[in-house]
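# Summary of the model geometry
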Amino acid sequence: MLLAACSVDRDKPLVFGTQRPAAADQAAAEQQGDADQGAAPASTTASAPHLAPISMNEVAVADVKLVLALGELDPGYVDAYYGPPEWRDQARADKLDAAQIEEQAQRLIQRMMASPPEELPSDPELAVLRKSYLKNQLGSLSARAAMLQGRKFSFDDEALALYDIAAPHYSEQDFQPALKQLDALLPKEPGTLAQRYNRYLDRYTVPKDKLASVVRAAIGYAQLPVRAHLELPQGEYYEPVLVGGRPWTAYNSYLGNFHSRIEIDAEQPVSILRVLQLATQEGYPGHHVYNSLMEKDLVRGQGWPEYQIHALYSPQSFIAEGCADFGAELAFPEPLRLNFERELFDLAGFDSGQVETYDRVVRTARALAPATIEAARRYLDGLMDANSTASWLQVYALATPEGATQRLVFFDHYRSYVINYSYGGELVGRYVQANGGAEAGSAAQWRVFTRLISTPRVPTGLQ
């Protein structure tokens, strides 16, 4: 069983998301029950009374309120919320500090471990998945509260604590094959490989006067394979809005009632590649579809309140980012993907005869995505300073100098969140292929993917 609770000994490292036998979980829960009742800790030989059972809905409501409370201390922690407004008002009025939030989360975890999953005769697996999901979400919340109190983690330990999983380690040699392939694919021009690669991408920046129409067309095209395989809720929609002066290229918010809003900074260059990502990863079958199905099937279908909120630093983010990343591959295998790209090239005024070369360049570069994870690990663990990290990113992730600086800012603020992107997509892809076969975009793969994005899951369950 995965134990999300922390050690009782405050002088020892907290334990989040680590493996412990079920018997040890139960003993910890029983000892906490005695402590809550004012009793002396149970001996190793005497049997302790069990904690009073708690329903999963009670846990879920408490979890949502604790996430809201932590969001009052940690700006950006609540990525989306569409639950009762009075719960947010309560969080603002209660003004819990990080230590109180951590303690309450730990007690909830321990009561959960003393309570059986609720019976769902129509889908017994769903009840088990829900309990595991809630436990890991609360463990992650507890870890984040500990971090706000000054607790330090290594990169890998932080990833395990917050996201229930750690990414593999990578060496420079892991990226050499992709770098060599890109060197052969890119035009033979002066400059470093990173300079040549970024000049190539710049050629396919969508003109500003065509950006709105290209984005709308991409979203419409992305909907087609999704609607052929998924039953989306009535009235769902995904609203792109062009803005300016933002520190990011795009930001997606789920507003509830099957409605997503994505703000796109039109003052920054937006490439064809980014338009494709906006349409598929943010929209169909990405974040918008994921959140809409969760609301349809779990919030409204099952009456589960925990999906009315999305804690940014949580295992849910790993699943959501991974599903969005792999979902684009599922929806657009070749040749459908190339047809999609040709449509956008034509709309943007580019030579569609270059689509196949462009596609090979972009897809080869995807193999370099883990370089950003490795750079973040080495930087945050103190193995590389800012200057050497920026240089490393330019060589192995092909970042521009400005892009490398922006990634360092991201590392400082979001830390181990970077594992959720490329590694999330990799793990979701492996899971879908292992359970749905290797044929890209097959009906079997869609069935596995649909189950994955409409049920509670934890990252370690994908391994």
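Just above sits the structure.
To keep things clear, this report deals only with the structure shown in the data block. These numbers come from a predicted model, not from an experiment. (Residues numbered from 1 in each chain as written. Predicted model: local features only at pLDDT ≥ 70, side-chain atom pairs only at ≥ 80, totals over all residues. Heavy atoms only, no water.)

Across its full length, the chain holds 19 helices and seven strands. Counting over 463 residues, the chain shows a buried share of 54%. Summarising the internal contacts of the chain: among those between residues at least 6 apart in sequence, 69% fall at separations of at least 24. (Helix = DSSP H or I, 4+ residues; strand = E, 2+ residues; numbered from the N terminus. Buried < 20%, exposed > 50% of the residue type's maximum accessible area, 1.4 Å probe, protein only. Contact = heavy atoms within 4.5 Å.)

For the structure shown, the criterion picks out 26 salt bridges. Residue Arg451 is joined to Glu125 by a salt bridge in which the shortest nitrogen-to-oxygen separation is 2.7 Å. Highlighted residues: Arg451 in helix α19 (residues 443–453) and Glu125 in helix α5 (residues 124–148), separated in sequence by 326 residues. A relative accessible area of 39% places Glu125 in the partly exposed class. Of the charged contacts in the structure, one is a salt bridge between Asp156 and Arg377, with a shortest N-O distance of 3.1 Å. Separated by 221 residues along the polypeptide, Asp156 in helix α6 (residues 155–163) and Arg377 in helix α15 (residues 370–380) bring together distant segments of the chain. This pair shows no difference in class: Asp156 is buried, exactly as Arg377 is. Beyond isolated ion pairs, a larger network of salt bridges with shared partners links Asp156, Glu172, Glu374, Arg377 and Arg378. (Salt bridge = Lys/Arg side-chain N within 4 Å of Asp/Glu carboxyl O.)

Pairing within the open sheet is mixed, and its three strands lie in the order β4-β6-β5. Sheet topology places β4 (237–243) and β5 (250–256) at the edges, where each strand pairs with a single neighbour. Each adjacent strand pair in this sheet contributes to an overall mean axis angle of 20°, direction not counted. Note: β4 against strand β6 (residues 259–265), seven bridges, orientation parallel. Bridged to Val243 within β6 is Asp265. Running over the sheet, helix α11 (residues 287–300) touches β4, β5 and β6 and is turned about 15° from β5. (Pairing = 2+ DSSP bridges. Axes fitted to C-alpha atoms, helices over the stretch in contact; angles between N-to-C directions.)

In this model, helix α4 (residues 98–113) (16 residues) spans 23 Å end to end at C-alpha, consistent with the 22 Å of a helix rising 1.5 Å per residue. All of the buried residues in α4 are Ala98, Ile101, Glu102, Ala105, Gln106, Leu108, Ile109, Gln110, Met112 and Met113. Between a side-chain oxygen at the N-terminus of α4 and the backbone nitrogen of Ala99 the separation is 3.2 Å; the capping residue is Asp97. (Expected span 1.5 Å × (residues − 1). Polar contact = N/O pair within 3.5 Å; in protein donor to acceptor, adjacent residues only side chain to side chain.)

By the secondary structure assignment, Asp63 is in helix α2 (residues 56–73). Although Asp63 is buried, it forms no salt bridge, and the closest oppositely charged side chain is Arg130 at an N-O distance of 9.0 Å. (Lys, Arg positive; Asp, Glu negative; His and termini not counted.)

Take the packing of aromatic side chains next. The description of an aromatic ring pair uses the distance of the two centres, along with the angle that the planes make with each other. In total, this model carries 29 aromatic pairs according to the counting rule given. Ring geometry for Tyr82 and Tyr254: centres 5.5 Å apart, planes at 75°, overall edge-to-face. With a gap of 172 residues between them, Tyr82 in the loop between β3 (78–81) and α3 (85–94) and Tyr254 in strand β5 connect regions that are remote in the sequence. Comparing Tyr82 with Tyr254, the two get one shared label, buried. Here a set of aromatic residues connected by ring pairs shows up, and it is made of Tyr77, Tyr163, Tyr313, Phe410, Tyr414, Tyr417 and Tyr421. One Lys or Arg, Arg144, reaches over the ring of Tyr313 and ends 3.9 Å from the middle of that ring. (Phe/Tyr/Trp six-rings, centres within 6.5 Å; stacked < 30°, edge-to-face > 60°. Lys NZ or Arg CZ within 6 Å of the ring centre and 35° of its normal.)

By the criterion of burial, β6 is predominantly enclosed, with six of the seven residues buried. Alignment of β5 against β6, held across six bridges, turns out to be antiparallel. In the sheet register, Ala250 faces β6, and the bridge partner there is Ile264. Between β5 and β6, which pair antiparallel one after the other, the connecting turn spans two residues, and Asn257 there sits at a positive phi close to 60°.

All chains considered together, the criterion is met by four cavities of 30 Å³ or more. Space inside the largest cavity adds up to approximately 70 Å³. Residue lining of the largest cavity: Ala80, Tyr82, Tyr254, Asn291, Met294, Tyr307, Gln308, Ile309, His310 and Gln316, and that is the complete set. Secondary structure elements with two or more residues in the lining of the largest cavity: α11 and β7 (309–311). Looking at the lining of the largest cavity, its residues break down into six nonpolar, four polar and no charged. (1 Å grid on protein atoms, 1.4 Å probe; cavity = no way out; pocket = protein on both sides within 12 Å on 5 of 7 lines; lining within 4 Å. Points joined across faces, edges and corners; volume = space filled by probe spheres on them. Nonpolar A, V, L, I, M, F, W, Y, C, P; charged D, E, K, R; others polar.)

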